[in-house]
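Examination of the molecular architecture
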Amino acid sequence: MKFPLDQEFKRVTETTFSLEVQPRIPAHLRRLEELAGDLVYSWDRRVRALFARLDGQLWRACGHNPKVFLRRVSQQALDEAAQDRGYLEEYSRALSGYDSYTQAQARGEVAAKFDPQADLVAYFCAEYGLHESLPIYSGGLGILAGDHCKAASDLGLPFVAVGLLYRQGYFTQIIDGQGQQQAQYRPHQIDDLPVTLALDASGAPIRVAVDLPGREVGLHVWRAKVGHIDLYLLDSDLPDNSEADRALTYQLYGGDREWRMQQEIVLGIGGVRALRVLGLSATVWHINEGHAAFQILERCREWVVKGDDFATALERVAANTVFTTHTPVAAGHDIFEAALFDRYFTGFAMGLGISVETLRAYGHSPQNQGSFNMTSMALRGTRFHNGVSKIHGEVASGMERYIWPDIQPAENPITHVTNGVHASTFLAQEWANLLDVRFADWRSSLTDIQYWECLKDVPDHRFWSLHQELKTLLLRTVRRRVAVQHRRAGIADALLRRITRYLADDNGDVLVLGFGRRFATYKRATLLFQDPARLARLLGNPDRPVLVIFAGKAHPSDKPGQELIRQIHEFSMRPEFIGRILLLENYDLNLARRLVSGVDVWLNNPVYPLEASGTSGMKAAMNGVLNLSVLDGWWAEGYDGSNGWGIVPHGSDYDPAYRDQHEASDLYDLLERQVIPLYFERGGQSHSPDWVAMAKASMATILPRFNAERQVLDYVDKLYAPARDHRKKIDAVSGGAAALAAWKQRVRECWPGVGFEPVPPQAADATRVLHFGEALDVQVVLRLNGLQTQDVVVECLLGEDQEDGSFVLRQHLELAVDSSLPGGEVVYRVGLRPRRTGLQRYRIRVYPYHELLAHRFEVGCMRWL
């Protein structure tokens, strides 16, 4: 017998509708909404604890997002908290701390140099890593920018930041069962983010626009409150924009070169226009990496509209603009083909009163003839430039020397400010609690190197046990993540138990090594696998178990970086490495905080000198974790022999295979002979005293020197205040910017004919003899070729040649005008009286000089005798 349903079965499609029933916040807890709207929660753990205490499971499920949490927490939990004396006391303490913070005045170091009523730093960056609840970052650049904002807030620096609001942000990473990275873009609801629309005086949303070929693109401006400062984010997702234009700000580092061009026009040009509409007038402009360099052109356009020619406008704009370059890797510098640039900027160039070819020349670089290099534009359009570590400053000076072709890299205008990290964000709560109990004033002593000697007073057993607690929390997090990751890939439970065997709470005595960063080839994530057999022996000792945790993303278009992930996955599934090597997916700020505080050793293996700075090792060190790293970037400055381990790098003149082999061997030797024995040799105690001593040294030496507060103060001293003052100096001279521009043009025209010779003529290999106390009469005849004597400086440099070919300067003298000769030649003279005996060398040079130069060599012209 057949029933009707047997005759024809049709699948019924069900429609599911979403419904979010939001609680009513009790009056006693009403300010929870205020706290959820200020990104102070990203570093104030007392504020985050208020949400976690209401419902810890929901707090984790909401991705630690306070706005989403408050919409979904149960009414019962809120009502009970409003009657809970303990919760209300915690709430009151958090509010008291928050109010004290927001009402605090600028710190003395800042107030002495910046007037909050008159000064303002405008900071432009393509990404900001403040907290996982605002996912508009991809990695190191964004985290650095976020920490810079937080430290500016802590210090009370008058500061505003500008970026883009990415509706999809950076991708979510999935690693499948074969180790292949899958990139998933998940749109974010604006209501979920800690942002509000910026409004004008009438209460209407602020709107600005940028011109793209054949159309105008409208932009909304969103405001994120970050303590004392504001972060403004531009958004092209407006109904009256085309679908393609609405998507311009969807993804961070997505799309093709034209998409990137459009995004950077929105950031640089749209960002300036947004600040103007907001009524914010900056006295210092900071371009953090080249993505925002188009802001220079927009600010020049404003001055051209007021009557300046382009050269004058550029001098005015460049005078108070700072540019920070962040990478020596070519892929990190945006370069646009000439045809693409011309299509977008021909009309803009006409508005500046110049041809598009002339404008494009400001982005010229020798490596990319005819193209437009954003880094080159940023360097030519600013007067204050820096790399992000001492080594990187030197590398950048060499890479970009074409901007100042006659100047030795060591003397060109690029300086450095070494990066730092925000201590309150990345110092684990457990360490903060211990410091609060033992050293109440530690938060106001972050940059006091001597102060942190106090860590020696922490009992060794307490120091060790606290870190073991943090390691246990990390292993729990890893166990949970690994289970989700591998079950999705179809791993059998028996194999999963083998993979997670060292992650149990009672396995705290395993030595844990961590590697967490972007998977780019120059970071050499797989250096550890150069000799798999030796590595297996190092990790496989049952009496001294070692676990290695890898985490990080590769850009979706970086196939070599994705191959590194696949290789690590493959190694992790080999029988000898199962459970001893773990690869975690979707590295984000939440996982980073756990990883840098819970591992025992932080690994970093960059190819020297390509690690501009690196900051993850700083975060680890301030949590008592020991660095084992190549001496590149920040670690070359931080390592002192007592606070971790350094691998001496091989230079770029070595064959890459030879370099990798020998540096991997050094890494194995350090692990086998120093790291592993030091951790496990307890001397009859429950901990390793020598390990604790080194960990204390790590915290004491790194925390005060590599925190973001020190970093921002360095910017204030070395770059921000000088940039503001230089602009004031130019503006104080009537027609100063125009005069400087005209003078530079005249110098460039005349310089090819400038030359000089000694009087009397002297062979280069001749040695003059003096007795100590005598003076050598140094004379030269200078051909000025139309320049005036006040346009140049003639210098004599006295010093000694070293065995490595370098020259050590001992004395520096300026030659004075002695007489004029027919034909426009001028005699310069100085009495050179050496202060030392022995064989010495002197050199004579001439370079152009103007009192309104920011750096004496900024014109890039010089002649040597």
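Since the structure is predicted, the reported quantities are computational estimates derived from the model, not experimental observations.

Procedures and definitions
Residues numbered from 1 in each chain as written. Predicted model: local features only at pLDDT ≥ 70, side-chain atom pairs only at ≥ 80, totals over all residues. Heavy atoms only, no water. Pairing = 2+ DSSP bridges. Helix = DSSP H or I, 4+ residues; strand = E, 2+ residues; numbered from the N terminus. Buried < 20%, exposed > 50% of the residue type's maximum accessible area, 1.4 Å probe, protein only. Core = buried A, V, L, I, M, F, W, Y, C linked by side-chain atoms within 4.5 Å. Contact = heavy atoms within 4.5 Å. Axes fitted to C-alpha atoms, helices over the stretch in contact; angles between N-to-C directions. Parallel < 35°, antiparallel > 145°, perpendicular 65-115°, else oblique. Nonpolar A, V, L, I, M, F, W, Y, C, P; charged D, E, K, R; others polar. Phe/Tyr/Trp six-rings, centres within 6.5 Å; stacked < 30°, edge-to-face > 60°. Salt bridge = Lys/Arg side-chain N within 4 Å of Asp/Glu carboxyl O.

Pairing is antiparallel in the open sheet, where seven strands are placed in the order β21-β22-β25-β24-β23-β26-β27. Edge positions in the open sheet fall to β21 (755–759) and β27 (863–864), since each of these has one partner strand only. Pairing analysis gives two bridges linking strand β26 (residues 841–848) to β27, with the strands arranged antiparallel. Within the sheet, the bridge partner assigned to valine 846 lies in β27 and is arginine 863.

Below, the discussion takes up unusual backbone geometry. Here the amide bond leading from tyrosine 608 into proline 609 is cis, since omega sits at 0°, within 30 degrees of zero. Mapping proline 609 onto the fold places it in the loop between β18 (601–604) and α25 (616–621). Its identity as a non-glycine residue notwithstanding, histidine 64 has a phi of 60°, on the positive side. Looking at the secondary structure, you find histidine 64 in the loop between α4 (56–61) and α5 (66–72). Residues other than glycine seldom take positive phi values, yet asparagine 785 does so here, at roughly 50°. When you line up the elements, asparagine 785 lands in the loop between β22 (776–783) and β23 (792–801). For asparagine 785, a relative accessible area of 41% corresponds to the partly exposed category.

With 144 residues, the main nonpolar core has Leu32, Tyr128, Leu157, Phe159, Phe294, Phe345 and Tyr720 as its most contacted residues. Counting residues in each nonpolar core, the second largest holds 80 residues, with Leu427, Trp464, Leu528 and Phe577 among its members.

The next point concerns the environment of valine 759. As for its position among the elements, valine 759 is in strand β21. A sequence separation of 21 residues divides valine 759 from valine 780, and the C-alpha atoms of the two residues are 5.3 Å apart. Dropping the residues within four chain positions of it, valine 759 is found in contact with Gln779, Val780 and Val781.

Moving on, we come to the sheet that holds strand β16 (residues 546–551). One open sheet holds the six strands; their spatial order is β17-β16-β15-β18-β19-β20, and the pairing between them is parallel. Edge strands, defined here as strands with exactly one partner in the open sheet, are β17 (581–584) and β20 (644–647). With direction set aside, neighbouring strand axes in the sheet form an average angle of 20°. Of the strands in this sheet, β15 (511–516), β16 and β17 are in contact with helix α20 (residues 460–488), which crosses β17 at around 70°.

Another aspect to go through is the packing of helix α9 (residues 140–155) against helix α29 (residues 708–732). Each packed pair of helices is defined by two parameters, the angle between the axes and the distance between the axes. Look at α9 against α29: their axes get within 8 Å of each other, and the N-to-C directions meet at 80°. Put simply, α9 runs roughly perpendicular to α29. Of the residues in α29, those in contact with Leu144, Asp147, His148, Ala151, Ala152 and Leu155 of α9 are Ala708, Glu709, Gln711, Val712, Leu713, Tyr715 and Tyr720. Broken down by class, the residue content of the contact of α9 with α29 amounts to nine nonpolar, two polar and two charged.

As a further point, take the packing of aromatic side chains. In the structure shown here, the tally under the stated rule is 34 aromatic pairs. Between tyrosine 451 and tryptophan 452, the ring centres sit 5.5 Å apart and the planes meet at 75°, which makes this aromatic pair edge-to-face. Assessed through its relative accessible area of 0%, tryptophan 452 is described here as buried. Members of the aromatic cluster, connected to one another through ring pairs, are Phe515, Phe519, Phe529, Phe550, Phe571 and Phe577.

Attention shifts here to the pairing of β26. In this sheet, β26 lies alongside β23 in antiparallel orientation, the contact comprising eight bridges. Each residue of the ladder has a partner; that of leucine 797, found in β26, is arginine 843.

Applying the stated criterion to the full structure yields 69 salt bridges. A salt bridge links arginine 659 to aspartate 660; its shortest N-O distance comes to 3.1 Å. Aspartate 660 matches arginine 659 in its accessibility class, with the two residues each being buried. Residue glutamate 800 pairs with arginine 836 through a salt bridge whose shortest N-O separation is 3.2 Å. Taken together, the residues glutamate 800 in strand β23 and arginine 836 in the loop between β25 (825–832) and β26 connect sequence positions 36 residues apart. Residue glutamate 800 is classed as buried on the basis of its relative accessible area, which comes to 14%. Its relative accessible area of 40% is what places arginine 836 among the partly exposed residues. Within the structure, one salt-bridge network assembled from shared partners comprises Glu20, Arg71, Arg72 and Asp192.

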